Number of protein chains: 2
Amino acid sequence: MNSQFADRMRSAHRSFIREILKVTENPEIISFAGGLPNPRFFPVESIVAATAKVMQDKIANPLQYSTTEGYAPLREYIAHRYAKRHGLKINPNEILITNGSQQGLDLIGKIFLNKGDFVALEKPSYLGAIQAFSLYEPQFHTATLRDDGIDTEQLSALLDQQPSKLFYTIPNFQNPSGITYSDAKRRATAQVFQHRNTIIVEDDPYGELRFIGQDLPPLKSYLGDNAILLGSFSKIVAPGLRLGWICAHNEIIEKLVIAKQATDLQSNTLSQRLVYQYVTDNDLDAHIATIKHHYGIQRDLMVSAIEQHFPPEVTYTRPEGGMFLWVTLPNPLSAMDLFNHAAKANVAFVPGKAFYVDGSGNNTLRLNFSNADAHIIEEGIKRLGLTIKQLLLEKTACHIAA
Amino acid sequence: MNSQFADRMRSAHRSFIREILKVTENPEIISFAGGLPNPRFFPVESIVAATAKVMQDKIANPLQYSTTEGYAPLREYIAHRYAKRHGLKINPNEILITNGSQQGLDLIGKIFLNKGDFVALEKPSYLGAIQAFSLYEPQFHTATLRDDGIDTEQLSALLDQQPSKLFYTIPNFQNPSGITYSDAKRRATAQVFQHRNTIIVEDDPYGELRFIGQDLPPLKSYLGDNAILLGSFSKIVAPGLRLGWICAHNEIIEKLVIAKQATDLQSNTLSQRLVYQYVTDNDLDAHIATIKHHYGIQRDLMVSAIEQHFPPEVTYTRPEGGMFLWVTLPNPLSAMDLFNHAAKANVAFVPGKAFYVDGSGNNTLRLNFSNADAHIIEEGIKRLGLTIKQLLLEKTACHIAA
């Protein structure tokens, strides 16, 4: 049967992260592995109320088929929010509703990528994007992510050497690294793409979750029609409703709508109506403020637990928002090794290798701080610190013995 | 910007049907164009009740991320229903939950089709399948659909000439034709695929909606692991919840799960929980019996209105179930011409050409009988009959004049 599968499936594997999540289903394990929002902040009561309300609509039934483009009032709301937050002028027709941002990535791959096309990535980059694009068989090339965003000299050299069809970036609180582009780096990055024919795919699922510092303008505000901006309700309302969106030039939306029709006709009618009813009847900004307050505390707790329990040779990012923090181990240590040892101490994380397309990143790992409640974070980091110290001792002992 | 799009988008267009549906938004138009279930039979109250109930689950939150494969109890329910209805032994692990059947078609295209691979279709075939597969750039070849199912001699000759990676079929109340495979034709079709390396994609969104005659076994009951069976809750519960499924051999499910992860991570958690709660707390068979009773009446009304109002030169199918009826106009007439004239009489349908990959079918059209309430059907068919008669007269007059 195997011989029947398409060539594109040859190198496609199940998500390493999703497989790890299965291991961490054991309730005794303290897991920093997932990318899950904290369910304490899901607006459960409001969604129940919204359901009762939208179901009274006998004209546009929320259980019926609806348009591929998405529920018009929801598209207007998203456009309006861009204007309010960033002064971006977006026409609601430039918004396509998708099944979470992940579908946005798939549809972008579908309409743009021929086999062999180049896609430029940050190093490290989001695994889900690597997977979505991979099925269209592009070639990836990468430029290093520094503390203030991508290395623009490297990026420029890369694009000089080989023009790229797409550049994929998460400028705010990146997954996996937690890194945010500085204002200067945003301008410098936009500069790199002046006079180039590359489409910038700006993925922004975490942008609203900033605990430290000021919101910065999206790359799209510098790049205009050459940038496609992706957003999501997963982290600010709830991920189980599977609602994200693509904001792009009309000509691109037109092709995306064709691809979306062929792919699954339309996004969930009920979810779209529920989210719209929720943002209409509730104060989304106040809700986001609550999430940020708690995630901020969880982030602070994790950073100070790391300061206390990790050996000084370990470096790590101090994210200004989002859900992830990125750890680099001193060089003899492998994160996969650490993962196996940490599992015995009932603590889990994601080894960083999965976020690199060039096989590097062996000594890196991703820690999620949004999902675990505060009291668990301290204990998990303590266990992880102990395991790192033990491994370091062993390596040093081996080194001396050898 | 155009030059940037992938080659696969060159011949991709917006669905003709979805464009027609926009025209028919005018409330004065009697539309037989859509493929919409009648919203009178959506279980609105039960879904509101189910929402309140599933939202009480604090352990597996219905607003959280969940597994790519789908909600386990729902997969078990589907497997159990196959056993009950057809004696098919399906392991719940052989079920993948999708965003409606349409996503099933896209994922099947994704894991199987290389550019240039052959896909065998019924002639006519479902437009959504043609669109989904088209984006993987296969070559289509077709065998004629007779009153009792596909022409197996033609199909056999086709496959002898050129082996096909996939054969796509809707054996029950086909969209667009309303045709159902007879028992003998099911066996003969299965026979065609003995000792061939073709995967049969058996799409069955309407199978539960039979008003006349007895349920017949799916092709999968003859073909086993070589058949992939697609199902949907769209026509028996509600389409806005976007829930369908793929039932296939483990090895195929494994690849589909990889493709689904890359495509949109997972199907809607809330929808899956709602539908499971709905089928647990309600009698789905009784609900389907109600739908069938009313659709049966609507179908009878449409058939007798056609008998009364259409000229005898027009032929049409008499579906045993489903939602569609297929009309063939006498040869000088074009359905696109009729569409334009009928629009002036405020009645709409889908010209059949869209369902053919070879440019034929100009004199065919599809009528939907599930969406319109009974009293509207009579009036719409009367207007359509008048328009056909007028066109026939004009053509004859021209013929005589010429």
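Residues numbered from 1 in each chain as written. Chains lettered and ligands numbered in written order. Predicted model: local features only at pLDDT ≥ 70, side-chain atom pairs only at ≥ 80, totals over all residues. Heavy atoms only, no water.

Novice: Quick one: what's the story with helix H9 (residues 250–264) of chain A, residue by residue and with numbers?
Specialist: All names here are of chain A. Here H9 contains 15 residues, and its C-alpha end-to-end distance of 20 Å stays within 8% of the 21 Å for a straight helix at 1.5 Å per residue. Among the 15 residues of H9, 12 are classified as buried, and the element is accordingly described as predominantly covered. Three or more residues of H9 are buried, namely Ile252, Ile253, Lys255, Leu256, Val257, Ile258, Ala259, Lys260, Gln261, Ala262, Thr263 and Asp264. Positive backbone phi, at 70°, marks Leu265, one or two positions downstream of H9. (Helix = DSSP H or I, 4+ residues; strand = E, 2+ residues; numbered from the N terminus. Expected span 1.5 Å × (residues − 1). Buried < 20%, exposed > 50% of the residue type's maximum accessible area, 1.4 Å probe, protein only.)

Novice: Go over the environment of B:Glu208, please, and point to the residues and values.
Specialist: Residue and element names in this part refer to chain B. Note that Glu208 resides in the loop between strand E7 (199–203) and helix H8 (220–223). For Glu208, a relative accessible area of 16% gives the class buried. Taking the C-alpha atoms as reference, Glu208 lies 9.3 Å from Asp285; in sequence the two are 77 residues apart. The residues contacting Glu208, other than those within four sequence positions of it, are Arg81, Arg85, Ile236, Ile288 and Lys292. (Contact = heavy atoms within 4.5 Å.)

Novice: If you had to explain the interface of chain B and chain A to someone new, which residues and values would you point to?
Specialist: Between chain B and chain A, the contact holds 82 residues from the first and 83 residues from the second. Carbon and sulfur atoms make up 56% of the surface buried where chain B meets chain A, a total of about 7,300 Å² over both sides. The tally of links between chain B and chain A comes to two salt bridges. Across the pair B:Lys110 and A:Asp106 runs a salt bridge, and its minimum N-O distance is 2.5 Å. Applying the counting criterion to the chain B and chain A interface returns 34 residue pairs in polar contact (both at pLDDT 80 or more). When residues of the side of chain B that touches chain A are traced back to their parent elements, those giving at least two are helix H1 (16–23), helix H2 (44–54), helix H4 (100–112), helix H5 (127–134), helix H9 (250–264) and helix H10 (269–281) of chain B. (Buried area = accessible area lost by both parts, 1.4 Å probe. Salt bridge = Lys/Arg side-chain N within 4 Å of Asp/Glu carboxyl O. Polar contact = N/O pair within 3.5 Å; in protein donor to acceptor, adjacent residues only side chain to side chain.)

Novice: For the UniProt feature "domain: Aminotransferase class I/classII large" (unreviewed entry) in chain A, give the residues involved together with the corresponding values.
Specialist: Feature annotation in UniProt places "domain: Aminotransferase class I/classII large" (unreviewed entry) on residues 39–384 of chain A, given in this structure's numbering. Annotated as 42% helix and 16% strand, the span residues 39–384 of chain A places its first and last C-alpha atoms 24 Å apart. (UniProt positions renumbered as here; feature names shortened; annotations may be inferred.)

Novice: So what about the relation of the copies chain B and chain A? Which residues, and what values?
Specialist: It takes a turn of 180° to lay chain B on chain A, together with a shift of 0.0 Å along the axis; the resulting RMSD is 0.0 Å. The transformation relating the two chain copies, once decomposed into turn and shift, fits a two-fold axis. Same-surface contact between copies: 100% of interface residues of chain B are shared with the interface of chain A. (Least-squares fit on C-alpha atoms with pLDDT ≥ 70 in both.)

Novice: An account of the environment of B:Asp283 is needed here, citing residue identities and associated values.
Specialist: All names here are of chain B. Looking at where Asp283 falls in the secondary structure, it is placed in the loop between H10 and helix H11 (284–309). On a C-alpha basis, the gap between Asp283 and Ser370 in space is 21 Å, while along the polypeptide they are 87 residues apart. A polar side-chain atom of Asp283 sits 3.1 Å from the main-chain amide nitrogen of Asp285.

Novice: Mind laying out the domain arrangement of chain A, listing which residues take part and the relevant values?
Specialist: When the parts of a complex come together, some accessible area is lost, and that lost area is often used as the size of the interface. All names here are of chain A. Entries for chain A in the domain assignment read domain 1 (2–42 + 286–401) and domain 2 (59–281). For domain 1 versus domain 2, the separation of C-alpha centres amounts to 25 Å. Across the boundary between the two partners, domain 1 contributes 36 residues, which contact 33 residues of domain 2. On the surface where domain 1 and domain 2 come into contact, there are two salt bridges. Ionic pairing is found between Lys123 and Asp358, a salt bridge with its closest N-O pair at 2.9 Å. Across the contact surface, domain 1 and domain 2 share 10 residue pairs in polar contact (both at pLDDT 80 or more). At the level of elements, helix H1 (16–23), helix H11 (284–309) and strand E11 (324–328) are the ones that each hand at least two residues to the side of domain 1 that touches domain 2. Looking at the side of domain 1 that touches domain 2, the element that brings in the most residues is H11, giving seven residues. (Domains from an automatic or database assignment.)

Novice: Outline the packing of H9(A) against H4(B), supporting the account with residue identities and numerical values.
Specialist: Contact pair H9(A) / H4(B): the axes reach a minimum separation of 5 Å and the direction vectors enclose 100°. On the basis of the axis angle, H9(A) is roughly perpendicular to H4(B). Contacts between H9(A) and H4(B) involve A:Gln261, A:Ala262, A:Thr263 and A:Asp264 on the former and, on the latter, B:Gln102, B:Gln103 and B:Asp106. Among the residues forming the contact of H9(A) with H4(B), the class breakdown is one nonpolar, four polar and two charged. (Axes fitted to C-alpha atoms, helices over the stretch in contact; angles between N-to-C directions. Parallel < 35°, antiparallel > 145°, perpendicular 65-115°, else oblique. Nonpolar A, V, L, I, M, F, W, Y, C, P; charged D, E, K, R; others polar.)

Novice: Help me get a handle on the sheet that holds strand E4 (residues 139–146) of chain A, residues and values and all.
Specialist: All names here are of chain A. Strands sit in the order E2-E9-E8-E7-E6-E3-E4-E5 across an open sheet of eight strands; the sheet is mixed. For this open sheet the edge positions go to strand E2 (95–98) and strand E5 (149–150), each flanked by a neighbour on one side alone. As paired strands, E4 and E5 are joined by two bridges and run antiparallel to one another. Among the inter-strand pairings, Arg146 is bridged to a residue of E5, identified as Gly149. Sitting on the sheet, helix H6 (residues 152–161) is in contact with strand E3 (118–123), E4, E5 and strand E6 (166–169), with an inclination near 160° to E4. (Pairing = 2+ DSSP bridges.)

Novice: Describe the sheet that holds strand E10 (residues 315–316) of chain B, naming the residues involved and giving the relevant values.
Specialist: Residues and elements named next belong to chain B. Pairing in this open sheet of four strands is antiparallel, and the strands run E10-E11-E14-E13 from one edge to the other. The open sheet has two edge strands with one neighbour each: E10 and strand E13 (350–351). Examined bridge by bridge, strand E11 (residues 324–328) and strand E14 (residues 364–368) share five bridges and lie antiparallel to one another. Following the sheet pairing, Trp326 is matched in E14 by Arg366.

Novice: Please give an account of the pairing of strand E7 (residues 199–203) of chain A that cites residues and values.
Specialist: Residue and element names in this part refer to chain A. Summarising burial for E7: five of the five residues are buried, a large majority. Of the strand pairs in this sheet, E6 and E7 are connected by four bridges, and their pairing is parallel. Its bridge partner lying in E7, Leu166 is registered against Ile199. Relative to strand E8 (residues 227–232), E7 is paired through four bridges, and the arrangement is parallel. Directly across from Val201, in E8, lies its bridge partner Ile228.

Novice: Residue-level account of the packing of aromatic side chains, with values.
Specialist: As enumerated under the stated definition, the model contains 24 aromatic pairs over all chains in all. Ring geometry for A:Phe112 versus B:Phe5: centroids 5.2 Å apart, planes at 20°, classification stacked. Note that A:Phe112 is positioned in helix H4 (residues 100–112) and B:Phe5 in the segment before H1, a pairing that runs across two chains. When its relative accessible area of 0% is taken as the criterion, A:Phe112 is described as buried. Members of the aromatic cluster, joined through ring pairs, are A:Tyr82, A:Phe233 and A:Trp245. Across the ring face of B:Phe5, the terminal group of A:Lys255 is positioned such that the distance to the ring centre comes to 5.5 Å. (Phe/Tyr/Trp six-rings, centres within 6.5 Å; stacked < 30°, edge-to-face > 60°. Lys NZ or Arg CZ within 6 Å of the ring centre and 35° of its normal.)

Novice: Explain the side chain of B:Lys220 to me, and be specific about the residues and the numbers.
Specialist: Residues and elements named next belong to chain B. Inspection of the secondary structure puts Lys220 in helix H8. Buried charge without a salt bridge: Lys220, with Asp225 as the nearest opposite-charge side chain at an N-O distance of 4.8 Å. Beyond its immediate sequence surroundings of up to four residues, Lys220 is in contact with Ile90, Glu202, Asp225, Ala227, Leu229, Cys247 and Ala248. (Lys, Arg positive; Asp, Glu negative; His and termini not counted.)

Novice: Any chance you could break down the pattern of salt bridges for me, citing the residues and the numbers?
Specialist: Opposite charge on two side chains allows them to pair when their charged atoms are near. Residue and element names in this part refer to chain A. Tallied over the entire structure, the rule returns 44 salt bridges over all chains. In this structure, Lys165 engages Asp117 in a salt bridge whose closest nitrogen and oxygen atoms are separated by 2.9 Å. Residue Lys165 is found in the loop between H6 and E6, and its partner Asp117 is found in the loop between H4 and E3; the two are separated by 48 residues along the sequence. One exposure class covers both Lys165 and Asp117, and it is buried. One salt bridge in this structure joins Asp337 and Lys395, with 4.0 Å as the shortest N-O distance. Highlighted residues: Asp337 in helix H12 (residues 335–344) and Lys395 in helix H13 (residues 374–401), separated in sequence by 58 residues.

Novice: I'd like a description of the environment of B:Lys89, backed by residues and values.
Specialist: Structurally, B:Lys89 can be placed in the loop between helix H3 (72–86) and strand E2 (95–98). Spatially, the C-alpha atom of B:Lys89 lies 9.3 Å from that of B:Ser221, the residues being 132 residues apart in sequence.

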